[in-house]
Amino acid sequence: MDDNNSENSTRKDNHRIWASLSFIFVIIFFGIPMWWKTTEVYRVSLPFTGIKELSDDPIKVIRNVGIYAKESDRAKLLIGELQKLFVDDISEIRFFEITLPKQLVEDSKSIASLEENVEKYSGLSNGERALIEWNHVTGDVAIRSTRFAVFSKGSTSISLERAIRQWMFKMSNDNNIDPYPQYDVLISILNPRPDIQNVQWNIRSAIESYLQPFVDTLSSLSNFTIKSQWKYQVAFEFPSNQKRDNSTLGRHYSLSTRYLPHIITSIEKRLGNSIHDNPCIHLVVYVPPCESSPLFIYNNKDERITDNDIDSFISPKWGGIVVANPKEIDCGNFFDNNSEKMDIHINMDEIMPILLHQLKRLIGVDSKIARSGTYSSESLHDIEVERYFTYGTMFLLNKATSTLQSLIQLLDSINNIVINDEVGIAVNEAYQHIIDSKEFLKVNDILNATAHAKKAFIQSERAFYYPSMLALLYFPDDQKYAIYIPLFLPIMIPVVLSMKTIWLFFFKSNKIKPKTE
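These remarks concern the structure in this document. From a predicted model like this one, the values you see are computed outputs, not experimental measurements.

The rules we used
Residues numbered from 1 in each chain as written. Predicted model: local features only at pLDDT ≥ 70, side-chain atom pairs only at ≥ 80, totals over all residues. Heavy atoms only, no water. Helix = DSSP H or I, 4+ residues; strand = E, 2+ residues; numbered from the N terminus. Buried < 20%, exposed > 50% of the residue type's maximum accessible area, 1.4 Å probe, protein only. Contact = heavy atoms within 4.5 Å. Pairing = 2+ DSSP bridges. Axes fitted to C-alpha atoms, helices over the stretch in contact; angles between N-to-C directions. Parallel < 35°, antiparallel > 145°, perpendicular 65-115°, else oblique. Left-handed = near helix turned anticlockwise from the far one by under 90°. Nonpolar A, V, L, I, M, F, W, Y, C, P; charged D, E, K, R; others polar. Salt bridge = Lys/Arg side-chain N within 4 Å of Asp/Glu carboxyl O. Patch = residues over 30% accessible without salt bridge, like charges linked within 9 Å, V, L, I, M, F, W, Y side chains within 5 Å. Areas by Shrake-Rupley, 256 points an atom, 1.4 Å probe, with all protein chains shown as cover. Expected span 1.5 Å × (residues − 1). Core = buried A, V, L, I, M, F, W, Y, C linked by side-chain atoms within 4.5 Å. Arc of directions from axis to C-beta. Polar contact = N/O pair within 3.5 Å; in protein donor to acceptor, adjacent residues only side chain to side chain.

### Some thoughts on the overall build of the chain
Secondary structure assignment for the chain yields 14 helices and 15 strands. Out of the 517 residues in the chain, the part that is buried amounts to 44%. Taking the contacts inside the chain whose residues are at least 6 apart along the sequence as the reference set, 77% of them involve residues at least 24 apart.

### What to know about the pairing of strand 13 (residues 311-315)
The alternating pattern of strand 13 places Asp311, Phe313 and Ser315 on a buried face, while none of Ser312 and Ile314, on the opposite face, is buried. Between strand 13 and strand 14 (residues 319-323), which follow one another and run antiparallel, lie three residues, and Lys317 among them has a positive phi close to 70°.

### A short note on the sheet that holds strand 8 (residues 223-232)
If you trace the five strands from one edge of the open sheet to the other, you get 8-6-11-14-13, paired in mixed fashion. Two strands bound the open sheet, and with one partner strand each, they are strand 8 and strand 13. Each strand axis lies, on average, 15° off the axis of its neighbour in the sheet, ignoring direction. One ladder, built from five bridges, connects strand 13 with strand 14; its direction is antiparallel. Within strand 14, the residue paired with Asp311 across the bridge is Val323. On top of the sheet, helix 7 (residues 203-217) reaches strand 6 (182-191) and strand 8; it is set at about 155° to strand 8, its chief contact.

### Examining the packing of helix 3 (residues 72-85) against helix 6 (residues 157-168)
Interhelical geometry of helix 3 versus helix 6 gives an angle of 55° and a closest axis separation of 10 Å. If you check the angle between helix 3 and helix 6, you find them oblique. Regarding helix 3 and helix 6, the two cross each other, and that crossing is right-handed. Residue-level inspection shows Leu78, Glu81, Leu82 and Leu85 of helix 3 in contact with helix 6, the latter providing Ser157, Ile158, Leu160, Glu161, Ile164 and Arg165. Classifying every residue of the contact of helix 3 with helix 6 gives six nonpolar, one polar and three charged.

### Observations regarding the pattern of salt bridges
Any two side chains of opposite charge can pair, on the condition that their charged atoms come close. Taken as a whole and judged by the stated rule, the model has 16 salt bridges. With a closest N to O distance of 2.8 Å, Lys52 and Asp412 form a salt bridge. Highlighted residues: Lys52 in helix 2 (residues 48-52) and Asp412 in helix 11 (residues 382-413), separated in sequence by 360 residues. In this structure Lys52 comes out as partly exposed when scored by relative accessible area, which is 45%. Residue Arg304 pairs with Asp311 through a salt bridge whose shortest N-O separation is 3.6 Å.

### Examining the sheet that holds strand 4 (residues 141-143)
Strand order in the open sheet formed by five strands is 2-1-3-5-4, with mixed pairing between adjacent strands. Every other strand in the sheet has two partners, leaving strand 2 (91-97) and strand 4 as the edge strands with one partner each. Along the sheet, successive strands turn relative to each other by an average axial angle of 20°, direction set aside. Looking at chain direction, strand 4 and strand 5 (residues 148-151) are connected through three bridges and run antiparallel. Among the inter-strand pairings, Val141 is bridged to a residue of strand 5, identified as Phe151. In this fold helix 3 packs onto strand 1 (61-68), strand 2, strand 3 (129-133) and strand 5, with an angle of close to 170° to the strand it touches most, strand 2. Set on the sheet, helix 11 makes contact with strand 1, strand 3 and strand 4; between it and strand 1 the angle comes to about 150°.

### So, a nonpolar patch on the surface
Among the surface-exposed residues, Phe25, Val26, Ile28, Phe29, Phe30 and Ile32 lie close enough to one another that they form a single nonpolar patch of about 590 Å² accessible area. When you line up the elements, Phe25 lands in helix 1 (residues 2-38). Of the residues examined, Phe25 reaches a relative accessible area of 44% and is grouped as partly exposed.

### Some thoughts on helix 12 (residues 421-442)
The end-to-end C-alpha separation of helix 12 is 32 Å, in line with the 32 Å expected for 22 residues at 1.5 Å each. Where helix 12 is concerned, the buried positions are Val423, Gly424, Ala426, Val427, Ala430, Tyr431, His433, Ile434, Ser437, Lys438 and Leu441. At the C-terminal side of helix 12, Asn444 shows a positive phi close to 60°.

### Some thoughts on the nonpolar core
Counting 74 residues, the largest nonpolar core has Trp201, Phe224, Ile351, Leu359, Ile363 and Tyr388 as the members making the most contacts within it. For this core, the leading source of residues is helix 11, giving 12 residues. Among residues more than four places away in sequence, those in contact with Leu359 are Val185, Leu211, Phe214, Val215, Ile281 and Leu283. In this structure, Leu190, Phe238, Val284 and Val323 belong to the second largest nonpolar core, which totals 19 residues.

### Digging into helix 5 (residues 111-121)
One turn of an α-helix holds 3.6 residues; hence residues three or four places apart share an orientation. Within the span of helix 5, buried status applies to Leu114, Glu115, Asn117 and Val118. Angular distribution of buried residues about the axis of helix 5 spans 165°; they occupy a single face of the element. Counted as exposed and oriented over 90 degrees from the buried face of helix 5: Glu116 and Lys120. The inward-facing, buried residues of helix 5 abut helix 4 (102-107), strand 3 and strand 5.

### Examining the side chain of Ser266
Looking at the secondary structure, you find Ser266 in helix 8 (residues 260-271). When its relative accessible area of 18% is taken as the criterion, Ser266 is described as buried. Polar contacts involving the side chain of Ser266 include one to the main-chain carbonyl oxygen of Ile263, which spans 2.7 Å.

### What to know about unusual backbone geometry
For the bond running from Ser293 to Pro294, omega is 0°, close enough to zero to count as cis. With respect to the helices and strands, Pro294 occurs in the loop between strand 11 (280-286) and strand 12 (295-298). Positioned with a positive phi, Lys317 is a non-glycine residue whose angle comes to about 70°. A relative accessible area of 49% means that Lys317 is categorised as partly exposed.

### Overview of the environment of Val443
Tracing the backbone through its elements, the reader meets Val443 in the loop between helix 12 and helix 13 (446-464). Along the chain, Val443 and Glu128 lie 315 residues apart, while their C-alpha atoms are 8.9 Å from each other.

Structure below.
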C-alpha cells in the first residue's frame, strides 16, 4: 500500500516538474521574444555613414575657361599665370587654350559677330567659357555674357584675374537676405492722412509690369509671392525739421539717417508679417501729407544724401522704404484752395524702378536702376542670374547638409527614437539630391545643380521638422519595464519559486542510486 502511494506521489511530482519546465520553456522561447518584438522601435534604414561624410566632400564649382590669343605662346603664358592666381577651395577654374583661325577673329567687326564665330569654330562644350583677345575691345576686358568675354592685346594676367572674379564670382552680400526656395514680398503703401489725401495707385499693374518678370526669371531657385496692402494712419515718427529752399513751397523737411532704424521699428509691428512662415521682404512706400512734405533724407553732417526728388533707403535683411512725396503743384493747389481733400497719383515709372532696385539688392542681384519704361526680364543680365543661382545653390547645399547631419546626430545618439517611412524617404531623397547637385556643380551645370539643391533643402527641412517627430521621441525601454512588469510579475513568481523544486528534483535524482541485492 505504501509503495503504491509512493509511486503515485512520485508520478505527481514528475508531472508537476514537467509542467513547470514546459511553462518556463514557453515563457523563455515564446513570451520574451514576443514581448521584445511588440515593443521594438521602428527605424527606417538611413545612410548614416554617407551623411556624416558629406562634409568630407566639399562643395566645389569647377569652371572651364578657354583662352585665345593671337600668339600661342602668349596664350600659354596667360594660362600658366592665371592658373596660379586661382587657387580656391570652393571654386576651381581650369584654363585651356582655344585654337581659332586668326583671320576669322580679325575680320569680326563687332562683339556679336565675334561671339558667333567663336561658338561655331572653338568647339566649346556646354558650360565652358571663352576669353578672346581682340583688337577692337575698349579697355582691358569687356564681358559680353556668361560664356563670352574679350580682352585687349595689352591686358595682363592681373587685369584678367580681376575681370574674371567680377565676371564669375562677385556677389553683393552686404544687404542680402539669404536665398531660400520661398519668399513673401510685401508691398505696403502708407497713407498717414487718409482724411485729407486720396492716394491713387494701380498696384496690380505696377507689380505685373516691373516685379513679376524679374521674379519669374529667378523661379528656378526662389519662388516669390508678391502681396500688397494699404495702411492708413501710419506715420513716420521723427522730430520735424523744416528747411528753407527755392522751391514753389519755399521749404522742405529733413529726415536724419539716425532716425531710420527707429522708423522701421515703429512701423514694422503695423505691417502684419509675423503670421507668415516664409522669409518676408518688406517694400514700403510712404506718402507724407502736404503739411510735412517734401520729405528728404539727410546724413549726420546735415547734408542731403541725394539730389533726387524721391529718397529711399534699405535696411539689410529686412527690406526697403521709398518716400513718395506729393507733387509740389498738387500741394500748392491744396493750400491755395483750402480743399478738404486732395488726390495724389503715384507715378508707377518713378517708384517701381526704385522698389525693383531695392529687391535686387536685398537678394544679392545688384544692378543699375532702370529709370523709366516697362521692365522686362531681359533687363536682368544672365551673368547676374548665374551668380545668384551659384551663390544660392551653395547656400542651400550647406544648409541641407548641416540639417541632415544634425538630424542624423540626434537619431544616432537616441537609439529609441522612431524613424518612420516619411522621415526616411525625406532623408534619403535629400541626401541623394545633395550628391547630384555637387556632381552638376563640378561640370558647371548651374541650372540642374540649383534644382537639386532646392529639393535637397526642402526635403531636409521636411525631415527635420516632421510634425510628429517630437511625439515619436519616447523611451521604449522604460515602457517595457513599467508596463509589462506588472503583467509578467504575477506569472513569474510561481515560476521562480518552482526553480528551486526543479533543481532539487534533478539533483536528488542524480544522487539516488539503484539498490543492489
